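Secondary and tertiary structure notes
Listed here are the chains, written in short residue letters.
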Amino acid sequence: SLTPRGRVLGAQSSRAIRDDDDDDDGFPIRPPPLLRLLLLSSSARSDLVISRVDRQIDLTSHIVRVLSSLKIENAGPDAVSEVLFAFPNMQAKNLAAIKTFYSEGKGKGKSPSIALPTVIVQPEGMPPELTFYSVALPKSLEKGKTLNMDMLAVFTHSLTPFPEEITQADAQLLVYQDSAYYLSPYAVKVQSLGIRLPNGRVESYTKYPNTKLVDSELKYGPFESLPPFSYSPIIVHFENNHPFAVVQELTREIEISHWGNAQITEHYTIVHGGARTKGGFSRIDYQMRTNIRGTSSFSLLTALLPPRAHSIYYRDEIGNISTSTLWADSRKTQFGIQPRFPIFGGWRTTFTIGYSLPLQDFLFESDGKRVLNITYGCPLQEAVVDKLIVVLPEGSKDISASAPFHTKQSEEVKYSHLDIVGRPVVVLEKTNVVPEHNLYFQVFYRFSNLSLLREPLMLATGFFLLFVACIVYMHTDMAISKTSASYLAKLQWDEVQATVQRVQNIFDQYLKVHDKLESSLRDLSRTGDVQSCKAARKAADTQFKELAKELKPMLTFLQSSPQASQIWPKIEELVAKEREMQEKLMQKHSTVVECFEKKLGGREVENRVASLQQKLAALRQEVDNLLEINSTTTL
């Protein structure tokens, strides 16, 4: 019989469990409501009997895999063509993938395993708190015959952190709940359960007389002669520091170019789905003792790319990330991705990886159509993908997609380089995807080879038109009329500006001659060489005359030009100041040389030229200001 908690009470039961019972470690045992039924046997399902079932539950990562090996016998009078599997609704909502394999016979006479399609059904007379899956047998199971069946069920989000928050130095502890008995609509003669753990550290677990922990494996059973829908809750509280990398969002874009390349771009948003981190983060402790101070974090993700992947990059919003490694051989390309910081519980990071693949490895032709044959899913180990995008070349038609599992399909349009009508986009979306979904899917479409010439012709035409436009522009006179007043005025103004610029250059040379004279006086005070100083003065005088001769026609032009009427007063003032500077500088030079010839003292020389020096400094400032004003005015 069954208790209200759904446990079969028999020789194997260690104690009866009441509705308000907790397990030995404070975790409330709360099986699904359906298991509160007193008895759920059905004559419609009594034809089949499970002779033996061995379950193996893998808890080494954050994805739970349950492999059930069943030996099924037809104990009824009629042939049976389907087998049902049952899951509690609370467990079925986390079911990511289910695979069933079928074989007949035993020993050397056992037939090869055949993968069977598994579909969700709603059989009549079954409790609504259960989710049922049906497997259609390739041939009916006759009376007294047996078959062997293996079922792999993959679950996500089935491990609960306990405690929910830990510090940087704490290890991560998780809780897993299931049933020690195999939940089935059929009676089970013999069954056993093995739970594989990441390591031997187990905080607590539900114990039965025939339960034992061997190294990192927890074993329950064997249990015998259990009626349909038997259920006995168990809880395992254990340490698991496996990287809980949960890809909250992944957009995988496959862009096809018939010039021989397939560009893959993957945008990731990854979060640590384990126990949240509380308290501050110490980089020093993490760097010094990573194995102790960061056991629950992860700082490296491994992506398995196709063997001929090339042009691989890894970046985020900041830019390129250089902390990555690449290893390749003839079978695979292994890409090690290291985020900018270690990821602790509750932390997230975003990044993008991209790579190119040779198109001939994945694109084929069949019945006049192109067939893209590439794997779905995510190259990161133990990760999840939510959305995948396939971008086809512009001009593709009759598009269809086929995947070995259900996906939400839609079509969009994307514009890329040199596109006119845009590229058709096939969007395949699926949630709760695990590595078992890394299977090949196909996209069928039609594409004309003539469409390959569209972009080269567009480029050639564009460059041709650009060159023609340049030739026309260079040979076309864009002026309205060369005899118009505005055109002549512009020419005159351009000539005035050029003349003013040459005047400014001459005055810059004047100032350089002034600087040479000042330098000769400094050399005189240092060396006492009067003859050298007189020679410098003579050379400067010659240069002044040459510059004045060169400047004269320019001044005449500016004085007579109407366009220079506003500039001429400043030019005239500049010339006057420059001549005055020349006179004062020559006077200063003569005075200093005369004093040196009379061998007067340095202080007396300074007194004689002090007034001249002050006047020269003021004139130099005025000349610099006028040059700056003239330069601004011409601009």
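Rules of the game
Position labels on residues start from 1 in each chain and follow its written sequence. Whole-chain, interface and lining totals are the exception, using all residues; otherwise, since this is a predicted model, local features are given only for residues with pLDDT of at least 70 and side-chain atom pairs are given and counted only at 80 or more. Think of the side-chain values as coming from all heavy atoms in the structure, minus any hydrogens and water. UniProt positions are given in the numbering used here, feature names are shortened, and annotations may be inferred rather than shown by experiment. Here a strand is any run of E in DSSP of at least two residues, a helix any run of H or I of at least four, and the numbering for each starts at the N terminus. Given a helix with a known number of residues, its expected span is that number minus one, times 1.5 Å. A pair of strands is treated as paired once DSSP finds two or more bridges between them. Buried, partly exposed and exposed residues are distinguished by accessible area as a fraction of the type maximum, computed with a 1.4 Å probe on protein chains only: under 20%, between the cut-offs, and over 50%, respectively. Two N or O atoms count as a polar contact when they lie within 3.5 Å, although within protein this holds only if one can serve as hydrogen donor and the other as acceptor, and sequence-adjacent residues are included solely when both atoms are side-chain atoms. Think of each axis as a best-fit line through the C-alpha atoms, taken over the contacting stretch in the case of a helix, with angles from 0 to 180 degrees between the N-to-C directions. Every angle not falling under 35 degrees, over 145, or within 65 to 115 is termed oblique; those three ranges are roughly parallel, roughly antiparallel and roughly perpendicular. Under the grouping applied here, Gly and all other residues not named as nonpolar or charged are polar, the nonpolar ones being Ala, Val, Leu, Ile, Met, Phe, Trp, Tyr, Cys and Pro and the charged ones Asp, Glu, Lys and Arg. Two rings belonging to Phe, Tyr or Trp (six-membered ring only in the last case) form a pair when the distance between their centres is within 6.5 Å. Interplanar angles under 30 degrees mark stacking, angles over 60 mark edge-to-face geometry, and anything in between is tilted. A side-chain nitrogen of Lys or Arg and a carboxyl oxygen of Asp or Glu constitute a salt bridge if their distance falls within 4 Å.

1. Observations concerning the UniProt feature "transmembrane region" (unreviewed entry) in the protein
Here, the residues flagged by UniProt with the feature "transmembrane region" (unreviewed entry) are residues 456-474. From the first C-alpha to the last, residues 456-474 spans 27 Å; its make-up is 100% helix and 0% strand.

2. Side note on helix α7 (residues 568-597)
Compared with the 44 Å implied by 1.5 Å per residue over 30 residues, the 44 Å span of α7 between its first and last C-alpha is a close match. Directly beyond the C-terminal end of α7, a positive phi value near 60° is found at K599.

3. Some details on the sheet that holds strand β16 (residues 233-239)
In a beta sheet, neighbouring strands pair by backbone hydrogen bonds and run either parallel or antiparallel. Ordered by their spatial adjacency, four strands build an open sheet running β9-β11-β16-β13, and the pairing between neighbours is antiparallel. Each of the sheet's edge strands pairs with one partner strand only, and the pair in question is β9 (160-161) and β13 (202-205). Pairing between β9 and strand β11 (residues 173-179): two bridges, direction antiparallel. What sits directly across from P161, in β11, is L174.

4. Focus: the side chain of R252
As for its position among the elements, R252 is in strand β17 (residues 245-257). Taking relative accessible area as the criterion, R252 reaches 4% and is therefore assigned buried. There is a polar contact of 2.8 Å between the side chain of R252 and the side chain of E266. Side-chain polar atoms of R252 contact the backbone oxygen of T375, separated by 2.8 Å.

5. What to know about the packing of helix α5 (residues 485-527) against helix α6 (residues 530-560)
In the contact formed by α5 and α6, the axes pass within 10 Å of each other and the chain directions differ by 170°. Regarding the angle of α5 to α6, the classification is roughly antiparallel. Of the residues belonging to the contact of α5 with α6, the class tally is 21 nonpolar, five polar and five charged.

6. Side note on the packing of aromatic side chains
All chains considered together, the criterion is met by 17 aromatic pairs. With centroids separated by 5.6 Å and ring planes inclined at 55°, the aromatic side chains of F507 and Y510 adopt a geometry described as tilted. Here F507 and its partner Y510 are both found in helix α5, three residues apart, which amounts to about one turn of the helix. Each member of the pair, F507 as well as Y510, carries the same accessibility label: buried. Chaining the aromatic ring pairs together yields one cluster made of Y181, Y208, Y220 and F223.

7. What about the pattern of salt bridges?
In a structure, side chains of opposite charge can pair up when their charged atoms sit close to one another. Per the counting criterion, the structure on display carries 22 salt bridges. The residue D398 makes a salt bridge to R446 at a minimum N-O spacing of 3.1 Å. One end of the pair, D398, is in strand β28 (residues 397-402); the other, R446, is in strand β31 (residues 440-446), with 48 residues separating them in the sequence. In this structure R446 comes out as partly exposed when scored by relative accessible area, which is 35%. A salt bridge links E622 to K577; the nearest nitrogen and oxygen atoms lie 2.9 Å apart. With a gap of 45 residues between them, E622 in helix α8 (residues 602-634) and K577 in helix α7 connect regions that are remote in the sequence. Taken together, the salt bridges that share partners define one network made up of E164, E165 and R276.

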